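Remarks on the overall topology
Letter by letter, the chains look like this.
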Amino acid sequence: MESFTVTQKERISELGGGPELMEQTFESSEERNKAFRELEKKLVRECRAEISKLVNEKHMTRTVETGRILEQWLMDEGFTKVVTPTIISREMLAKMSIDDFHHLSEQVFWLDGKKCLRPMLAPNLYVMMRELHRISKEPVKIFEIGSCFRKESQGAQHMNEFTMLNCVELAQVKDGEQKQELERLAKKAMEVLGVSEEEYEIVVEESTVYGFTFDIEINGMEVASGAYGPHDLDPAWGVFDTWVGIGFGIERLTMALNKGHTIKRYGKSIAFIDGQPLNV
């Protein structure tokens with residue numbers, strides 16, 4: 001019996017074919033190759049049809065749509081959108097406990113000895129919520145969506161450049177009620193995205209920055225991570241009130257919502273668009 005070759009399986013996977021298509025067996029190599037050609041043509045047609053639908057009807061990738069749904073929900077909740085720099089200082093990372101001896105420092109894209117591409121949104125958001133609270137004397141609810149950069153392992157769930165959406169509330173909830181508010185935000189986010197309670201779970205995980213986090217997992221894959229304070233990190237930022245925050249990995253979340261197999265189909269790319277390969 002003959003199976004698809006490694007190269008043929010790679011092509012089928014690139015075109016979005018699932019494992020069930022790759023596991024077929026054939027009486028001869030001629031039969032296999034003929035079946036591959038027919039299957040490739042079929043998958044190419046389907047990919048082209050999806051790209052055509054995007055260009056002529058949708059005009060928005062699923063990743064962009066995921067971000068916009070969450071943005072609209074947060075603005076409806078009274079959050080204000082902020083935009084902060086992509087380049088941050090070594091000092092700001094150190095305030096997040098990420099110094100030269102922290103293992104996460106090896107994942108940082110350093111531009112020089114003092115500056116790097118931000119690996120997370122939290123440092124800038126600490127500053128923004130502190131200053132807005134100082135000026136307004138009122139509780140602060142802000143969010144940001146933007147690129148982050150890490151030297152991640154190049155697996156199916158990681159990319160060097162990815163999009164995060166972080167929202168944070170400062171001085172909004174009473175001390176002792178932070179966990180309930182974090183769970184409310186997590187559940188509401190899943191609701192607006194159309195994810196039923198049976199499809200996700202909220203789990204507590206260890207964190208090298210926050211000690212522990214409350215993560216949202218879909219089919220065992222982390223798509224969001226939340227924390228709350230007061231926290232040991234807060235005094236370095238001049239923050240002394242309660243806060244609740246949660247961050248969503250937009251590409252990974254989109255992959256989970258669409259039952260995808262690799263995050264690269266949904267990230268910033270010139271090889272894929274909206275989950276479809278351009279090599280068709």
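These numbers come from a predicted model, not from an experiment. (Residues numbered from 1 in each chain as written. Predicted model: local features only at pLDDT ≥ 70, side-chain atom pairs only at ≥ 80, totals over all residues. Heavy atoms only, no water.)

This part covers the packing of aromatic side chains. Taken as a whole and assessed by the stated rule, the structure comprises eight aromatic pairs. A centroid spacing of 5.0 Å and a plane angle of 0° characterise the contact between Tyr126 and Trp237, whose relative ring orientation is stacked. Of the two residues, Tyr126 sits in helix H6 (residues 122-136) while Trp237 sits in helix H8 (residues 234-237), which places them 111 residues apart along the sequence. You'll find Tyr126 and Trp237 in the same group, each marked buried. Aromatic rings pair up to connect Tyr126, Tyr210, Trp237 and Trp243 into one cluster. In this structure, Arg90 is placed above the aromatic ring of Trp110, and the distance from its NZ or CZ to the ring centre is 4.1 Å. Above the face of the Phe109 ring, Lys151 is positioned so that its terminal group lies 5.4 Å from the ring centre. (Phe/Tyr/Trp six-rings, centres within 6.5 Å; stacked < 30°, edge-to-face > 60°. Helix = DSSP H or I, 4+ residues; strand = E, 2+ residues; numbered from the N terminus. Buried < 20%, exposed > 50% of the residue type's maximum accessible area, 1.4 Å probe, protein only. Lys NZ or Arg CZ within 6 Å of the ring centre and 35° of its normal.)

Once that is clear, we can look at the packing of helix H4 (residues 62-76) against helix H7 (residues 178-192). In contact at an axis separation of 10 Å, H4 and H7 are set at 130° when each is read in the N-to-C sense. Relative to H7, the element H4 is oriented oblique. The handedness of the crossing between H4 and H7 is right-handed. For the pair H4 and H7, contact is made by Ile69, Leu70 and Trp73 and by Leu185, Lys188, Ala189 and Val192, respectively. Here the contact of H4 with H7 is built from residues that sort into six nonpolar, no polar and one charged. (Axes fitted to C-alpha atoms, helices over the stretch in contact; angles between N-to-C directions. Parallel < 35°, antiparallel > 145°, perpendicular 65-115°, else oblique. Left-handed = near helix turned anticlockwise from the far one by under 90°. Contact = heavy atoms within 4.5 Å. Nonpolar A, V, L, I, M, F, W, Y, C, P; charged D, E, K, R; others polar.)

Of all hydrophobic cores here, the largest spans 61 residues; its most connected members are Leu70, Met96, Met129, Met190, Ile216, Trp243 and Phe248. A per-element tally of this core places strand S8 (residues 161-170) first, with six residues. Within the second largest apolar cluster, eleven residues are counted, among which are Phe26, Phe36, Val44 and Cys47. (Core = buried A, V, L, I, M, F, W, Y, C linked by side-chain atoms within 4.5 Å.)

Here the focus is the pattern of salt bridges. Tallied over the full model, the rule gives 14 salt bridges. For the salt bridge of Glu2 with Arg32, the shortest nitrogen-to-oxygen distance reads 3.3 Å. Placement of the pair is Glu2 in strand S1 (residues 2-3) and Arg32 in helix H3 (residues 29-58), with a sequence separation of 30 residues. Several salt bridges converge on common partners, so that one network encompasses Arg11, Glu14 and Glu40. (Salt bridge = Lys/Arg side-chain N within 4 Å of Asp/Glu carboxyl O.)

Taken together, the seven strands give an open sheet; going across it, the order is S3-S7-S8-S12-S11-S10-S9, and neighbouring strands pair in mixed fashion. Single-partner strands in this sheet number two, and they are strand S3 (80-81) and strand S9 (200-207). Here S9 pairs with strand S10 (residues 211-218) via eight bridges, running antiparallel. Paired with Val203 across the strands is Asp215, a residue of S10. Against the sheet, helix H9 (residues 250-257) touches strand S7 (140-149), S8, S10, strand S11 (221-229) and strand S12 (243-249), its axis set at about 135° to S11. (Pairing = 2+ DSSP bridges.)

Turning to its location among the elements, Met96 is positioned in the loop between helix H5 (90-95) and strand S5 (109-110). For Met96, a relative accessible area of 0% gives the class buried. A sequence separation of 136 residues divides Met96 from Asp232, and the C-alpha atoms of the two residues are 9.9 Å apart. Dropping the residues within four chain positions of it, Met96 is found in contact with Met120, Ala122, Pro123, Tyr126, Val209, Tyr210, Leu233 and Trp237.

We now examine the packing of H4 against H9. Where H4 meets H9, the axes come as close as 9 Å, and the angle between the chain directions of the two elements is 105°. Looking at the two axes, H4 sits roughly perpendicular to H9. On the side of H4, the interface is formed by Arg62, Thr63, Thr66, Gly67 and Leu70, while H9 contributes Ile250, Glu251, Leu253, Thr254 and Leu257. Taken together, the residues of the contact of H4 with H9 break down into four nonpolar, four polar and two charged.

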